Amino acid sequence: GANVVIGTPGRVMDLIRRKSLHLEALKIAVLDEADEMLNMGFKEGFLWGGATAANQVEGGIFEDGRGLANVDLMPHGSDRYAIGTGEKWIDRIDDHYFPSHQAVDFYHHYKEDIALMGEMGFKTFRLSIAWTRIFPLGDELEPNEKGLLFYENIFKECKKYGIEPLVTINHFDCPMHLIHKFGGWRNREMIDCFVKLAKVLFERYNGLVKYWLTFNEINMILHFPFVAAGLRFKEGENKTQAMITCAHHELVASALVTKLAHEINPENMVGCMLAAGSYYPETCNPEDYWKSICDDRESYMFIDVQSRGYYPNYALKWIEKRNAEIPFAENDVNILKENTVDFISFSYYSSRVSSANPDKGKQTESNIFASVVNPYLDTSDWGWQIDPLGLRITMNEIYDRYQKPLFIVENGLGAKDKIEEDGSIQDDYRIDYLKKHIQAMKDAVDEDGVDLMGYTTWGCIDLISNGTGEMEKRYGFIYIDRDNDGHGTFKRIKKKSFDWYKKVIATNGEDLDN
Ligand code: BG6
């Protein structure tokens, strides 16, 4: 009988609201301040862990029938950015170096890697499915059994260590065959191909996987469209139109897949995924403040649809002003309305800054889309600005906006690591970054009442950078012997942060000391 609620005033109200309980039907026992203290901290079952993406870790791109994908044609070097933005392309493997082809060979090392995650005490492991392992071309009728088996083995391996998989169905990959045939997500046919993929996954992994994300960083369509939507621009076309078309198709696909997940197993929980990081106005000039609102809206635009079920008015105006239209088909409005997500997941690396002055000088390096430099912040080796309080600000902003549970599924520091003479890796800078961000996230939970499901650091094992294709930009607790040019043994080495994170998890985030 769920009609008795015990807790402090704040907790009781929170529970009533979250579970939509009716006050009249409840017996309520309110505890005192001392108990309130006991209730602080991350909730029981908080999902601590780490995150990866197929194309950045697996390698083995020609094994067991896997087909060719967009991410296989993203080289290391100066052409990478232009290819990612859909301005330039390579159609077949040539003499460029493509780091994802072997990546960190997770394809053959997954047992070792998951054992190390188990040793750290991971409660969850975020990974993505390589679409072309399951449907090598994308439009076949039957899936590739060997691809399905690969992920089934991974999930079973996770279960051995009590690790709950968190699966991104689409982390920046699209079969090349569908790009050639349909022009990627600009064609509505993609929706059926994607729904077919998801159906196969939900049925095959029913009982093994409960947490799903549909599209990684869906707002990246506006910034890295070949990677996020298999989009290549045609000469002279209205680029906004092309990107909005892709986005709408992904949004409808995401809603249909959410529906299917719930039908196949009501225990399934489906989230959207945002490349987050609030914009601050450069000054208190109202023009700067207004610009920061507009910039934030460009990030929230698609998440608003996935969480609330409809395009907000500002998005309709934004699209109209750019002479574009949303390619609504007959039932799309209802599909979007009836199938919103269960939780909001996001990546956070840094806050951003907006200026109304178009000539505003220096831009930061950043996660694909740059912003004005914030003089109050330090930067990483790659020029990304470091702002732990910005995580608390971002969490509050997102929670205020949607009032759904949040899941931080990417956060971390890309840095150069050095192996000492004794073989150790003293990555105190990474511990410092993570410690401050976890403290900020704790503040958001304890002080502000944000409902947070879990936290997965990006690149828990070192992996290939999405932005630059480098290997030397390392995020992991586990070092992997591999360099920017594809040399190395793939040997795994625990860094100092390995034991630190193990302790953080064991104490449910209470002990952050180095
Ligand atoms: C996110 C992506 O945008 O940022 C990841 O979801 C990516 O795929 C991560 O790796 C960090 O970016 P980078 O460029 O350092 O790899």
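It should be noted that the structure appears before, not after, this text.
The shown structure was predicted, so the numbers you read here are calculated from the model rather than taken from an experiment.

It is worth spelling out the packing of aromatic side chains at this point. Given two aromatic rings, their pairing is described by the distance between the two centres and the angle made by the two planes. Scanning the entire structure with this criterion turns up 26 aromatic pairs. Measuring from centroid to centroid gives 4.4 Å for tyrosine 107 and phenylalanine 150, while their planes differ by 40°, and the two rings are tilted. Residue tyrosine 107 is located in helix 5 (residues 106-120), and its partner phenylalanine 150 is located in helix 7 (residues 145-160); the two are separated by 43 residues in the primary sequence. Ring plane angle 65° and centroid distance 5.7 Å describe the contact between tryptophan 131 and phenylalanine 194, whose orientation is recorded as edge-to-face. Here the residue tryptophan 131 occupies a position in helix 6 (residues 131-134), and phenylalanine 194 occupies one in helix 9 (residues 189-204), the gap between them amounting to 63 residues. Each member of the aromatic cluster is reached from another via a ring pair, and the members are Phe42, Phe46, Trp48, Phe122, Tyr455, Phe477, Trp500 and Tyr501. Across from the ring centre of phenylalanine 150, 5.4 Å away, lies the NZ or CZ of arginine 133, which sits over that ring. Over the ring of phenylalanine 135 we find lysine 196, and its NZ or CZ is 4.6 Å from the ring centre.

The N-to-C vectors of helix 16 (residues 428-446) and helix 17 (residues 496-506) enclose an angle of 25°; their axes lie 9 Å apart at closest approach. Relative to helix 17, the element helix 16 is oriented roughly parallel. Where helix 16 crosses over helix 17, the two elements pack in a sense that is right-handed. For the pair helix 16 and helix 17, the contacting residues are Asp428, Arg430, Ile431, Leu434, Lys435 and Ile438 in the first and Lys496, Ser497, Trp500, Tyr501 and Val504 in the second. Looking at the contact of helix 16 with helix 17 residue by residue, the classes come out as six nonpolar, one polar and four charged.

This next bit is on the state of the cysteines. All told, the structure shown has zero disulfides when counted by the stated rule. Here cysteine 246 is not cross-linked by a disulfide; its sulfur's nearest cysteine counterpart is in cysteine 174, at 9.1 Å. Looking at the unpaired cysteine 460, the closest cysteine sulfur is the one in cysteine 158, lying at 10 Å. Taking the relative accessible area as the measure of exposure, cysteine 460 reaches 1% and is therefore buried.

The topology assignment puts threonine 124 in strand 4 (residues 124-128). A polar atom in the side chain of threonine 124 sits 2.6 Å from the backbone oxygen of glutamate 164. Residues in contact with threonine 124, not counting those within four places in the same chain, are Leu47, Trp48, Gly49, Gly50, Ile163, Glu164, Pro165, Leu166, Phe407 and Thr456.

Scoring rules and cut-offs
- Residues numbered from 1 in each chain as written.
- Predicted model: local features only at pLDDT ≥ 70, side-chain atom pairs only at ≥ 80, totals over all residues.
- Heavy atoms only, no water.
- Phe/Tyr/Trp six-rings, centres within 6.5 Å; stacked < 30°, edge-to-face > 60°.
- Helix = DSSP H or I, 4+ residues; strand = E, 2+ residues; numbered from the N terminus.
- Lys NZ or Arg CZ within 6 Å of the ring centre and 35° of its normal.
- Axes fitted to C-alpha atoms, helices over the stretch in contact; angles between N-to-C directions.
- Parallel < 35°, antiparallel > 145°, perpendicular 65-115°, else oblique.
- Left-handed = near helix turned anticlockwise from the far one by under 90°.
- Contact = heavy atoms within 4.5 Å.
- Nonpolar A, V, L, I, M, F, W, Y, C, P; charged D, E, K, R; others polar.
- Disulfide = S-S within 2.5 Å.
- Buried < 20%, exposed > 50% of the residue type's maximum accessible area, 1.4 Å probe, protein only.
- Polar contact = N/O pair within 3.5 Å; in protein donor to acceptor, adjacent residues only side chain to side chain.

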